[in-house]
Amino acid sequence: MSDEQIVKKFMYVNRKSPYGTIYALESLEVVLISAAFDQDVSLTFTDDGVYQLMKNQQTDGIGMKNFSSTYSALGDYEIKKIFIDKESLDERGLSLSDLQELVWEDEDEDYAEKSSINLVSRAELSEIMNQQDVVLSF
Amino acid sequence: MGLEVNGKTYETDEEGYLANLNEWDTDVANAMAEIDGAPLEENHWEVINFLREYYEEYQIAPAVRVLTKQIGKKLGKDKGNSKYLYELFPYGPAKQACKYAGLPKPTGCV
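Note that the structure is predicted; figures quoted are calculated from it, not measured.

Draft legend 1. A look at the overall build of chain B. Counting secondary structure elements, chain B contains five helices and two strands. Against the 2.2 N^0.38 benchmark of 13 Å for 110 residues, chain B shows a C-alpha radius of gyration of 13 Å, consistent with a compact globule. In terms of overall dimensions, chain B has C-alpha extents of about 40 × 25 × 25 Å along its principal axes. Residue burial in chain B is summarised as follows: out of 110 residues, 31% are buried. Expressed as a percentage of contacts within chain B between residues at least 6 apart in sequence, the contacts between residues at least 24 apart total 48%.

In structure tokens, the structure reads:
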């Protein structure tokens, strides 16, 4: 690609719990597909969307594929900015330790693992959203 | 569609991808490669085994550039480039190697 390629800031906002609807899985697939386009991509988890990143998900009882391990691949797809809404966690009695750790590997530092997760307040989140060119809500 | 190996018929989709990835074994991979006219060698197996491990861990088949990068990390830079991978899998490293590995087509591939 040339230097003139336009890079836009895309944010995918995940608001729903992982298995009640198809939104969470669809969002994840869109994110992985669009990662091929070299844009500036970030993901936000807010409202019930924070449940998408819960550790130890068990889906046998509902007969659905457990896709939670796929979030760990986001770093491989160069998606390094994950925003978690702190108030959404608080309202649900959750903390970061209930969620999976998401990391990306820095090739320039011998593949050192660096955290992709940013815990932000709603005020900060709204600020970050304002800086985006495109916000897609799922 | 189906693929017959050692007297057993495996269900596949219209592009030859295995319908049930639990049915996969090395004979299936060899039979698929045989049909395409290029028997599998050690270098192919490195990539196929990598893909199966990646799927096991992340539940997805990686996109081609993720595959390239990760192969570079795991098997060395001389193998983590598209020239090498396309020589091994001329129909597209992600597509063709995923098929032999019994995985679904990589997300985003058309």
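Draft legend 2. Broad picture of the interface of chain B and chain A. Each partner contributes residues to the interface: chain B has 11 residues there, and chain A has 12 residues. Mapped onto the side of chain B that touches chain A, the elements with two or more residues apiece are α2 (42-58) and α3 (64-75) of chain B. In terms of residue count, α3 of chain B provides more of the side of chain B that touches chain A than any other element does, three residues in total. Taken together, the residues of the side of chain B that touches chain A sort by class into five nonpolar, four polar and two charged.

Draft legend 3. Here's a closer look at the environment of Q5 of chain A. One can find Q5 of chain A in the segment before β1 (9-14). Taking the number of C-beta atoms within 10 Å as the measure of exposure, Q5 of chain A has 9 and is therefore exposed.

Draft legend 4. Molecular detail of the nonpolar core. Formed by 52 residues in total, the largest nonpolar core has its most connected members in V31 and Y77 of chain A together with L51, A97 and A101 of chain B. Setting aside its immediate chain neighbours within four residues, A97 of chain B contacts V47, I48, L51 and F89 of chain B.

Draft legend 5. Inspection of the pairing of strand β5 (residues 112-115) of chain A at higher detail. All names here are of chain A. Direction of pairing for strand β4 (residues 103-106) relative to β5: antiparallel, over a ladder of four bridges. Residue W104 lies in a different strand from β5, and its bridge partner there is K114. Hairpin connection from β4 to β5: five residues lie between these consecutive antiparallel strands, with D110 at a positive phi of about 55°.

Draft legend 6. Up close: the confidence of the model for chain B. Residues and elements named next belong to chain B. Mean pLDDT for chain B: 90, with 95% of residues reaching 70 or above. Confidence, read as mean pLDDT per element, is least for strand β1 (residues 2-5) in chain B (86) and greatest for α2 (95). At the level of chain-chain contacts, confidence expressed as ipTM amounts to 0.84, with global pTM at 0.88.

Draft legend 7. Up close: the packing of α2 of chain B against helix α5 (residues 93-100) of chain B. Residues and elements named next belong to chain B. Interaxial distance between α2 and α5 falls to 9 Å at its minimum, and their mutual angle equals 80°. By the angle between their directions, the pair α2 and α5 is classed as roughly perpendicular. Residues V47, I48 and L51 of α2 touch α5, and the partners they reach there are P93, A97, C98 and Y100. Considered class by class, the residues forming the contact of α2 with α5 number seven nonpolar, no polar and no charged.

Draft legend 8. Structural context of the sheet that holds strand β3 (residues 81-85) of chain A. All names here are of chain A. On the basis of which strands lie adjacent, the open sheet formed by five strands has the order β6-β3-β2-β1-β7 and parallel pairing. A strand with exactly one partner marks an edge of an open sheet, and here the two such strands are β6 (117-120) and β7 (134-137). Across the sheet, the axes of successive neighbouring strands diverge by a mean angle of 25°, strand direction being ignored. One ladder, built from four bridges, connects β3 with β6; its direction is parallel. Across the sheet, F83 pairs through a bridge with N118, a residue of β6. Each of β1 and β2 (40-45) is contacted by helix α1 (residues 23-34), which is oriented at about 160° to β1, the strand it contacts most. Helix α3 (residues 122-130) rests against β1, β2, β3, β6 and β7 of the sheet, and its axis sits at about 140° to β3.

Calculation notes
- Residues numbered from 1 in each chain as written.
- Chains lettered and ligands numbered in written order.
- Predicted model: local features only at pLDDT ≥ 70, side-chain atom pairs only at ≥ 80, totals over all residues.
- Helix = DSSP H or I, 4+ residues; strand = E, 2+ residues; numbered from the N terminus.
- Rg over C-alpha atoms; globule rule 2.2 N^0.38 Å.
- Buried ≥ 20, exposed ≤ 12 C-beta atoms within 10 Å, placed from the backbone.
- Contact = placed C-beta atoms within 7 Å.
- Nonpolar A, V, L, I, M, F, W, Y, C, P; charged D, E, K, R; others polar.
- Core = buried A, V, L, I, M, F, W, Y, C linked by C-beta atoms within 7 Å.
- Pairing = 2+ DSSP bridges.
- pLDDT = per-residue confidence, 0-100.
- Axes fitted to C-alpha atoms, helices over the stretch in contact; angles between N-to-C directions.
- Parallel < 35°, antiparallel > 145°, perpendicular 65-115°, else oblique.

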